[in-house]
Number of protein chains: 4
Amino acid sequence: MSSGKDEKYFKNISHRERAIFEGAITMGALFHQFIGTPVSKESAKALKNAIKESMELQPCIEEVDVRIDFGDSSGLENEYAYVSLTGEMLDVKVVSNYHGKKAVTRMHYIEELKYPLMYVESIY
Amino acid sequence: MSSGKDEKYFKNISHRERAIFEGAITMGALFHQFIGTPVSKESAKALKNAIKESMELQPCIEEVDVRIDFGDSSGLENEYAYVSLTGEMLDVKVVSNYHGKKAVTRMHYIEELKYPLMYVESIY
Amino acid sequence: MSSGKDEKYFKNISHRERAIFEGAITMGALFHQFIGTPVSKESAKALKNAIKESMELQPCIEEVDVRIDFGDSSGLENEYAYVSLTGEMLDVKVVSNYHGKKAVTRMHYIEELKYPLMYVESIY
Amino acid sequence: MSSGKDEKYFKNISHRERAIFEGAITMGALFHQFIGTPVSKESAKALKNAIKESMELQPCIEEVDVRIDFGDSSGLENEYAYVSLTGEMLDVKVVSNYHGKKAVTRMHYIEELKYPLMYVESIY
């Protein structure tokens with residue numbers, strides 16, 4: 001997307017580090033933009049699609065894939081049949097690419113940590 | 001969506017007031033959930049669709065319609081060809097209905113006020 | 001805060017209805033702006049204060065009071081000692097006033113509904 | 001904050017890369033959590049403080065400093081004397097530290113790019 005005018009701001013990091021940097025920004029952005037959105041099993045597809053299309057606009061982002069897991073769906077047994085999106089429900093992959101260096105950033109809930117961890121799943 | 005278990009919490013307001021109340025909640029929610037989302041002319045359709053489907057889940061909401069106006073699109077002339085969604089870009093209608101009383105809540109930027117005003121456009 | 005230039009947009013609702021309308025907007029806004037924010041027992045005071053001060057800026061809002069309840073705090077027993085703010089943790093009161101008509105809008109989690117309900121607690 | 005249980009998820013990146021990664025997450029998070037918040041000159045201090053305290057909770061974050069610039073303040077000349085926080089108004093520094101490797105991530109509006117750029121200002 002960029003014509004390269006921004007390159008001077010990234011001279012102190014490598015191509016690999018830029019890929020990591022941009023993947024991480026997008027993962028943090030995605031979480032804090034969309035957590036809290038009302039979602040049901042019926043509306044999940046539209047929400048995942050909007051998350052994907054909006055986050056793929058960000059610099060160096062090649063692909064974003066989002067899964068929303070309602071778990072045992074007990075959260076949906078409330079009076080209104082929808083829930084607010086939480087980090088525990090999300091499983092996200094962000095592929096960033098800078099000059100051929102690719103990072104796959106992942107976020108999903110990790111039982112052992114009791115936390116939706118963001119980490120670099122692979123890089124090459 | 002509701003089976004009516006919540007009705008006891010709304011005894012002190014009329015059906016018409018409940019329609020106003022729920023339309024207003026959804027408008028405030030919509031603005032503060034989605035402002036800041038990256039959006040381009042290409043991704044706008046997916047974002048509008050997700051806003052509509054998520055906000056129509058809220059109590060008493062019958063229909064939500066969203067327009068995103070890029071204006072003279074000068075905002076898109078940046079290095080990355082997308083912008084963060086702002087209140088100035090939005091024109092939204094929320095139709096709420098409680099036991100036959102309908103409110104149409106509207107939000108759009110009003111030049112005279114220099115502000116994206118939320119108001120009750122019609123009620124019947 | 002307003003000099004009254006916006007009054008023509010509210011001719012079709014009563015003063016009492018305007019108070020309800022503005023309280024509801026602010027409650028919806030508050031929820032969807034701040035849900036997802038990282039919060040610990042130490043940072044809760046600063047967060048509550050910012051929520052209060054920002055939401056009291058909105059039209060017709062006289063007072064906003066926020067409580068954050070960490071429950072049995074089991075959510076804080078994760079690896080990082082903080083959680084993302086959820087609707088279940090919040091207990092909020094918004095007092096709106098339009099030409100002397102006051103509405104107290106409340107939101108808190110209601111076990112019976114399994115839902116953080118927004119409703120008009122009192123109006124006079 | 002972490003006891004190190006999460007370290008196995010970060011074996012494929014260096015300490016320096018981890019510092020970059022965590023700084024970037026927090027910058028993306030900060031932007032998308034707080035953009036849209038109502039803010040005036042009077043409330044800015046409380047908002048900056050809450051941003052700082054909440055974002056310093058995130059993994060590996062040592063310090064967050066936020067400036068909010070109202071520019072020529074023409075945005076405040078509206079009917080209600082406050083604005084919604086935008087990326088253009090923010091100047092943020094995030095210091096992340098992982099095992100002694102420090103990254104300073106910065107975001108501010110850059111006229112040449114017409115964009116609030118996030119970049120690594122220094123690393124050591």
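Residues numbered from 1 in each chain as written. Chains lettered and ligands numbered in written order. Predicted model: local features only at pLDDT ≥ 70, side-chain atom pairs only at ≥ 80, totals over all residues. Heavy atoms only, no water.

1. Thoughts on the overall build of chain A
Inference 1: When you go through chain A residue by residue, the secondary structure sums to two helices and six strands.
Inference 2: Based on the C-alpha atoms only, the size of chain A along its principal axes is roughly 55 × 30 × 20 Å.
Inference 3: Relative to its 124 residues, chain A shows a buried fraction of 60%.
Inference 4: Partitioning the intrachain contacts of chain A with sequence separation of at least 6 by distance along the chain shows that 54% fall at a separation of at least 24.
Inference 5: Taking the average location of the 15 positive side-chain charges in chain A and that of its 19 negative ones, the two points are 8 Å from each other. (Helix = DSSP H or I, 4+ residues; strand = E, 2+ residues; numbered from the N terminus. Buried < 20%, exposed > 50% of the residue type's maximum accessible area, 1.4 Å probe, protein only. Contact = heavy atoms within 4.5 Å. Lys, Arg positive; Asp, Glu negative; His and termini not counted. Charge placed at Lys NZ, Arg CZ, Asp CG, Glu CD.)

2. Comments concerning the relation of the copies chain D and chain B
Inference 1: Once chain D is rotated about the relating axis by 180 degrees and shifted along it by 0.0 Å, it coincides with chain B to within an RMSD of 0.0 Å. As the rotation angle and translation indicate, the two copies are arranged about a two-fold axis.
Inference 2: With an isologous cut-off of 70% or more, the 100% of interface residues of chain D that recur at the interface of chain B puts this contact in the isologous class. (Least-squares fit on C-alpha atoms with pLDDT ≥ 70 in both.)

3. Here's the deal with the sheet that holds strand E5 (residues 101–110) of chain C
All names here are of chain C.
Inference 1: With antiparallel pairing, four strands are arranged side by side in an open sheet as E2-E4-E5-E6. In the strand order of this sheet, the two ends are held by strand E2 (61–68) and strand E6 (115–123), each with one partner. Strand-to-strand twist in this sheet, taken as the mean axis angle between neighbours without regard to direction, amounts to 15 degrees.
Inference 2: By the bridge criterion, seven bridges tie E2 to strand E4 (residues 90–98) in an arrangement that is antiparallel. (Pairing = 2+ DSSP bridges. Axes fitted to C-alpha atoms, helices over the stretch in contact; angles between N-to-C directions.)

4. Quick look at the sheet that holds strand E2 (residues 61–68) of chain B
Residues and elements named next belong to chain B.
Inference 1: One open sheet holds the four strands; their spatial order is E2-E4-E5-E6, and the pairing between them is antiparallel. Looking along the sheet, the strands with just one partner apiece sit at the ends: E2 and strand E6 (115–123). Going across the sheet, the axis of each strand differs from the next one's by a mean of 15 degrees, ignoring polarity.
Inference 2: Inspection of the sheet shows strand E4 (residues 90–98) paired to strand E5 (residues 101–110) by eight bridges, in the antiparallel sense. If you follow Val95 over to E5, its bridge partner there is Val104.

5. Observations regarding the interface of chain A and chain D
Inference 1: Tallying the contact residues gives 31 residues for chain A and 31 residues for chain D.
Inference 2: Where chain A abuts chain D, roughly 2900 Å² becomes buried across the two surfaces, and 62% of that area is made up of carbon and sulfur atoms.
Inference 3: The largest contributions to the chain A side of the interface with chain D come from Tyr9, Phe21 and His32 of chain A, which together make up 21% of the buried area.
Inference 4: Here Glu17 of chain D ties to Arg16 of chain A by a salt bridge, and the two come within 2.6 Å at their closest N and O atoms. (Buried area = accessible area lost by both parts, 1.4 Å probe. Salt bridge = Lys/Arg side-chain N within 4 Å of Asp/Glu carboxyl O.)

6. Some thoughts on the packing of aromatic side chains
Inference 1: Per the stated rule, a full pass over the model turns up 16 aromatic pairs over all chains.
Inference 2: Arranged with centres 5.9 Å apart and planes meeting at 85 degrees, the rings of Tyr82 of chain A and Tyr115 of chain C form a pair that is edge-to-face. Of this pair, Tyr82 of chain A sits in the loop between strand E2 (61–68) and strand E3 (83–84) while Tyr115 of chain C sits in strand E6, each in a different chain. The same class applies to Tyr82 of chain A as to Tyr115 of chain C, namely buried.
Inference 3: Every member of this aromatic cluster is reached through a ring pair, and the members are Tyr80 and Tyr82 of chain A together with Tyr115 of chain C.
Inference 4: Just above the ring of Phe10 of chain C sits the side chain of Arg18 of chain C; from NZ or CZ to the centre is 3.5 Å. (Phe/Tyr/Trp six-rings, centres within 6.5 Å; stacked < 30°, edge-to-face > 60°. Lys NZ or Arg CZ within 6 Å of the ring centre and 35° of its normal.)

7. Points about helix H2 (residues 44–55) of chain B
Inference 1: The end-to-end C-alpha distance of H2 of chain B is 16 Å, a good match for the 16 Å that 12 residues give at a rise of 1.5 Å each.
Inference 2: Of the positions making up H2 of chain B, those classed as buried are Ala44, Ala46, Leu47, Ala50, Ile51, Ser54 and Met55 of chain B. One side of H2 of chain B carries all its buried residues, which in axial view fall inside an arc of 165 degrees.
Inference 3: Buried residues along H2 of chain B sit against strand E1 (38–39) and helix H2 (44–55) of chain A together with helix H1 (15–34), strand E1 (38–39) and E2 of chain B. (Expected span 1.5 Å × (residues − 1). Arc of directions from axis to C-beta.)

8. So, unusual backbone geometry
Inference 1: The phi dihedral of Cys60 of chain C is positive, around 70 degrees, even though this residue is not glycine.
Inference 2: Here Cys60 of chain C lies in the loop between helix H2 (44–55) and E2.
Inference 3: The phi dihedral of Lys114 of chain D falls on the positive side, at around 50 degrees, and the residue is not glycine.
Inference 4: If you trace the backbone, Lys114 of chain D turns up in the loop between strand E5 (101–110) and strand E6 (115–123).

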